[in-house]
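Residues per chain are reported as follows:
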Amino acid sequence: MKTFPLGGIHPEENKLSTAATIEEFPLPKQVTIFLNQHLGAPATPVVEKGEKVKIGQLIAKAEAFVCANIHSPVSGSVNKIDSVKDMFGIYKNAIIIDVEGDEWVDTVDLTPTIVKDIKLSKTEIIDKIKEMGVVGLGGATFPTHIKYMIPEGKKAEYLIINAVECEPYLTSDHRVMLEHTEEIMIGVSILRKALGVEKAYIGIENNKPECIAAMTNMATQYAGIVVEPLKVKYPQGAEKQLIKAITGRNVPSGKLPIDVGCVVNNVGTALAVYDAVQKNKPLIENIMTVTGKALAQQHNYKIRIGISYNDIIEHIGGLPDDTAKIISGGPMMGKAIVNLEAPTTKGASSMLVITEKEAIRAEEKECIRCGKCMEACPMGLEPYLFSALINNGNIQDAIGEKLMDCIECGCCMFTCPANKPLLDEIRFAKNKFRQTMMQQQKK
Amino acid sequence: MKLLNVSGSPHVHGDLSVKRIMWDVNIALIPIFIVSLIFFGLDALFVSLVSVFCCVLFQWIIEKFLLKKPTSISDGSAVITGLLLAFNVPSNLPLWIVAIGAFVAIAVGKMTFGGLGKNPFNPALVGRVFLLISFPVQMTTWPKANNIFDLAQTAATTDATTGATPLALIKEAVKAGDMSVLQNLPDYWTMLIGQHGGSLGEVSAIAILIGGIYLLCRKVISWHIPVSFILSAFVFAGILHWIAPASYIAPMYHVLSGGLLLGAVFMATDMVTSPMSKSGQIVFGIGCGLLTIIIRTWGAYPEGVSFAILLMNAVTPLINKGFKPKRFAK
């Protein structure tokens, strides 16, 4: 069975919510929609205070190149356009909408029938994806249509669908593959057409046998789509590692997947593309895992964007007493939430509740030079050396040792027997370096 | 509502700790300890106890009164140093000399540099080599190991008999040009089980290998250093033996005698003082193997493992610079 060759770890899987079918999360009283909930420039609002909006109506338009349209996830009236704290406590502009009723714009096909026939042409598909504000749902929220505008001189050969879900705890992709198998296949076919390729690989880790079975079974009806079971190893869902595992191709340092003829999209994105292209439905909701060892019940929700984390916590009946940390994303790469009043955004794949016992870092010891961080690093880097250089203030030498190749997967820090905050140090140095580069450019 | 912890990812940690690694090494040393008790009796017990006790005590004193910081003796690394030092001396070594060795190992070899993780040389070997140079007579007078299969001999007191190690016998023979002495050498089987003269921990190859396999299974060590060490020593000694069998002994003798196996499995693999990358570890192992045979064959001492490992410890930072791990997409 295929996997990537260098490094990698096997964290405890803790997929507690695998069996929880996707539930519709109830509508709140109010939603907060950030103008910047994707990678790139913020969108420009096209509604005004007091204006009535319907579900699926465009409320902010993409004007920059790397940007995505934003649609209203609820019906109601615009309360205000104001700056609001996001989950890290940073003020960002947002449209706040008071919910009234549940009324959709009439262009969206709300029937449950599965539309198999792909009527749109290659360019029409890309325009539709752009119009519907689809962004990558694997975590980076990069506007999807840009990936399909292949630069001059480059050629796509393979479409790779990331259904690895290698992060512990997360099960949203798992449930989507079981409950929307056919829609995903159609979505993949749409993406193949947009890319002009025949071949698509869907990479699924071997710890999800029922997903592999369902998807393989469905793929028999779609020539050219191959389901590729992968050996379980974190971080297989990282773009470069996944491409290496499936095609054997190496994306060199500083290059993009398209440089080796690949385009990678998340399985959730394929479903969003199906909804956008076949059903005319904009990206207004996420599939979100709400899980944690101390929670009495584990959930997978279909949830509109803009609902606050506090609303979710209230809905699940409050937090357990020993909650120490709440994470958006998985435990390896997710981010700890600072402000629970903040709304969810496009691509929010989970709310993970971590107990005190799991969250407290053990006391840091002296590095014993065991080299486990190097063995764990999927990029073949030397985290112990970064740590030593960075602590000596020598960021320039760390850059020379390929610090910027670090994908921040956390394998080194997870493994370190001395409990060194390796990734904290690396992130600090990377940010510092980016700052200096920006200052130099300004000069 | 109480405050949330908002530290950066990863938010979970594996079960590996410095403590676990160090105590794993101690567990791996148990078979050797048992074998030393069988062959050398209470003497081995006293030497080991004094060595371990002194190492832990000296570390505690230095941390508490000189460095004035919380003690780290519970991490088990001082116990390892104590055991390894004991395993590298003869069982009839006066206990006050053992205590001096423990002091040099911990104070000079380890704490001077800042404690566990910062020492460039293997502390136990620093202590051992200090003793070898300062007390050459006491350090090279070995009691004969009990022959556990010969009850009559076991019953007799063993304190009186002293036996040269196989390596010392060979050195004498080569020097005198009289190879007939070599007929007194123990056979391979004896050396594998452990009935020959030598330091506490080097007499039984099997006990060392059991410990080594345990460490491999627990992923505390990898095969790279021990295998390249032993193999390069074997090949180099084999070439010499093949060229002139009369002057150079068979390679298997080199591997099974002296501290080569103990050094290859437990001391050269010391994480703190060996290279980080796998390719670097192989270079390190080969260096240890070659230096051991060179010192044993042409040096002043019959045994060369300690010196070989310490010399390679000294070049470890250079090896780390020159031998990097395989990068992604390279």
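Since the structure is predicted, the reported quantities are computational estimates derived from the model, not experimental observations.

Colleague: Tell me about the overall build of chain A, and please be specific about residues and values.
Modeller: Looking only at helices and strands, one finds 14 helices and 17 strands in chain A. Its C-alpha atoms give chain A a radius of gyration of 22 Å, within 12% of the compact-globule value 22 Å for 443 residues. For chain A, with 443 residues in total, the buried portion stands at 58%. Considering only contacts within chain A whose residues lie at least 6 apart along the sequence, 73% involve residues at least 24 apart. Carbon and sulfur atoms form 51% of the exposed surface of chain A, whose accessible area is close to 18200 Å². In chain A, which carries 50 positive and 53 negative side-chain charges, the distance between the mean positions of the two groups comes to 5 Å.

Colleague: Can you lay out the nonpolar core for me, pointing to particular residues and giving the numbers?
Modeller: Within the largest apolar cluster, 110 residues are counted, with the highest numbers of intra-cluster contacts made by Ile-368 of chain A together with Leu-29 and Phe-266 of chain B. Sorting elements by how many residues they give to this core places helix H1 (residues 18–40) of chain B first, with ten residues. Non-local contacts of Ile-368 of chain A, meaning those with residues more than four positions away in its chain, are made with Val-18, Ile-21, Met-22, Leu-116, Gly-117, Met-271 and Val-272 of chain B. Leu-195, Cys-211, Ala-219 and Tyr-222 of chain A belong to the second largest nonpolar core, which has 49 residues in total.

Colleague: Please give an account of the environment of Asp-259 of chain A that cites residues and values.
Modeller: All names here are of chain A. Along the polypeptide, Asp-259 turns up in the loop between helix H6 (239–247) and strand E12 (262–266). Separated by 103 residues in the primary sequence, Asp-259 and Ala-156 place their C-alpha atoms 8.5 Å from one another. At a separation of 3.0 Å, a polar atom in the side chain of Asp-259 contacts the side chain of Lys-154.

Colleague: Residue-level account of the interface of chain A and chain B, with values.
Modeller: Every contact between the two is made by 59 residues of chain A and, on the other side, 36 residues of chain B. Of the roughly 4000 Å² buried between chain A and chain B, counting both surfaces, carbon and sulfur atoms make up 59%. By the criterion of area lost to chain B, the three top residues of chain A are Ile-368, Arg-369 and Phe-414 of chain A, representing 16% of everything that side buries. Linking chain A with chain B are six salt bridges. Residue Glu-375 of chain A pairs with Lys-278 of chain B through a salt bridge whose shortest N-O separation is 3.2 Å. Within the residue set of the side of chain A that touches chain B, elements represented by two or more residues are H6, strand E15 (323–328), strand E16 (335–336), helix H9 (356–359), helix H10 (372–376), helix H11 (383–391), helix H13 (411–415) and helix H14 (422–442) of chain A.

Calculation rules
Residues numbered from 1 in each chain as written. Chains lettered and ligands numbered in written order. Predicted model: local features only at pLDDT ≥ 70, side-chain atom pairs only at ≥ 80, totals over all residues. Heavy atoms only, no water. Helix = DSSP H or I, 4+ residues; strand = E, 2+ residues; numbered from the N terminus. Rg over C-alpha atoms; globule rule 2.2 N^0.38 Å. Buried < 20%, exposed > 50% of the residue type's maximum accessible area, 1.4 Å probe, protein only. Contact = heavy atoms within 4.5 Å. Areas by Shrake-Rupley, 256 points an atom, 1.4 Å probe, with all protein chains shown as cover. Lys, Arg positive; Asp, Glu negative; His and termini not counted. Charge placed at Lys NZ, Arg CZ, Asp CG, Glu CD. Core = buried A, V, L, I, M, F, W, Y, C linked by side-chain atoms within 4.5 Å. Polar contact = N/O pair within 3.5 Å; in protein donor to acceptor, adjacent residues only side chain to side chain. Buried area = accessible area lost by both parts, 1.4 Å probe. Salt bridge = Lys/Arg side-chain N within 4 Å of Asp/Glu carboxyl O.

That is the geometry; function is a separate question.
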